[in-house]
Amino acid sequence: MKMNKTILITGANSGLGKDTARQLGLKKETEKIYLACRNETKAKAAKADLEKITGRTIFEIVIMDVSNPDSVRLAVAGLKEPIDALVMNAGGMGGNSPMDITSDGVTSLFATNVLGHVVLMDELLKEKKLNKVALYAGSEGARGVEDMGMNRPALKTSSEDEFAKVIDGTFFDEKTDPMEAYGYIKYIAALWMSSEARNNPNLRLITMSPGFTSGTAVMDDLPFAKKLMFKYIMLPIVAPLKGLVHKLEKGAKRFVDGISDDSFKSGIFYASKAKRLTGQVTDQSTIFPDLNNSSYQDNANAAIHRFIK
Ligand SMILES: NC(=O)c1ccc[n+]([C@@H]2O[C@H](COP(=O)([O-])OP(=O)(O)OC[C@H]3O[C@@H](n4cnc5c(N)ncnc54)[C@H](OP(=O)(O)O)[C@@H]3O)[C@@H](O)[C@H]2O)c1
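Residues numbered from 1 in each chain as written. Predicted model: local features only at pLDDT ≥ 70, side-chain atom pairs only at ≥ 80, totals over all residues. Heavy atoms only, no water.

Chemist: Looking at this model, I keep getting lost on the environment of Lys250. Mind explaining?
Modeler: Inspection of the secondary structure puts Lys250 in helix H8 (residues 248-260). Through-space distance from the C-alpha of Lys250 to that of Gly279 is 9.1 Å; in sequence the pair is 29 residues apart. (Helix = DSSP H or I, 4+ residues; strand = E, 2+ residues; numbered from the N terminus.)

Structure follows, in structure tokens:
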């Protein structure tokens, strides 16, 4: 186990990000946790709550909207010291219009989950502000979750052009379920992390899914019927009976372990075992071999960088 003294967590005001901050805040070795959030009011409330729960005053707010590269650059420029660990957790279903295109030419879903995080890591590396480890919040959706109607991403060539079409939304049609697009987007992010892991052998860069986790707001952006099904039926009733969902503490602990435990190897995407959404984690390339293809990894990375000015 390596000690991380300073950690930055994106989307730290609620759900998994906040509980990751709580668990890390309770570790004696943690000296500072940056709560990177887009909304100052929510960030202040989370900071006060975390201080109360942990009894420590180690939390500092950084205003950062990860769907906006300029906001990310500004936040990194304002960091006075390098961080040991980075948890790229902000994200979810991309708001009310996930397939709308942002001024960077990508879907909102992609901007929220991936684009800003790529800029964040690029800037931290450029400014030598990342010392040890970075973790990206992945999802089992990236290798398909048949039980939830999410098919495994199926690309024809996995070329840079094809990944770019997923990123700018032209890969999909109007009928595509944003939950399915979410799986593709988390897949591209896992490929990017593996590509960057080869580019940065001095760092440990991993993707970790929290598993299907209750007690977060991730389902709130789904259209009404889907929200009804997932938030009020699937998550609280059906999934626990089938052992498909675990509590917030368990999901966040995967992130805490991911950054703290060196046995999680750089370049690997860890998530639940095949047909599971909870329990032990395993290397997802044993389930979906495309994740291990270094050309696909580099193509995904290059495609993302087409959209970064
Ligand atoms: N819960 C699950 O079952 C599950 C499973 C697999 C993966 N994940 C992943 O885990 C991560 C955390 O999800 P969660 O379940 O904890 O959801 P959540 O409760 O909705 O938390 C998401 C956090 O991200 C923040 N965020 C969203 N867009 C942002 C932006 N543009 N800039 C900065 N912050 C932004 C939100 O801030 P606001 O409060 O301002 O919206 C919130 O703090 C996501 O990446 C999600 O895809 C979750």
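Picking up where we left off.
Chemist: Even after reading the chapter, I still don't get unusual backbone geometry, so can you show me in this structure?
Modeler: What is expected of a backbone is that most residues other than glycine have negative phi and most peptide bonds are trans. The backbone of Lys128 sits at a positive phi, close to 50°, despite the residue not being glycine. The topology assignment puts Lys128 in the loop between helix H4 (108-126) and strand E5 (130-137). Owing to a relative accessible area of 68%, Lys128 belongs among the exposed residues under this scheme. With a phi close to 60°, Lys275 is a non-glycine residue in the positive phi region. (Buried < 20%, exposed > 50% of the residue type's maximum accessible area, 1.4 Å probe, protein only.)

Chemist: What am I meant to see in the site of the ligand here?
Modeler: The environment of the ligand is made up of 28 residues, and the closest members are Arg38, Asp65, Tyr182, Thr216 and Ala217. Against a free-state accessible area of 900 Å², the protein chains account for coverage of 93% of the ligand. Taken together, the elements giving at least two residues each to the shell around the ligand come down to helix H1 (15-25), H4 and helix H6 (178-199). The residue inventory of the shell around the ligand, partitioned by class, reads nine nonpolar, 15 polar and four charged. (Near = heavy atom within 4 Å. Areas by Shrake-Rupley, 256 points an atom, 1.4 Å probe, with all protein chains shown as cover. Nonpolar A, V, L, I, M, F, W, Y, C, P; charged D, E, K, R; others polar.)

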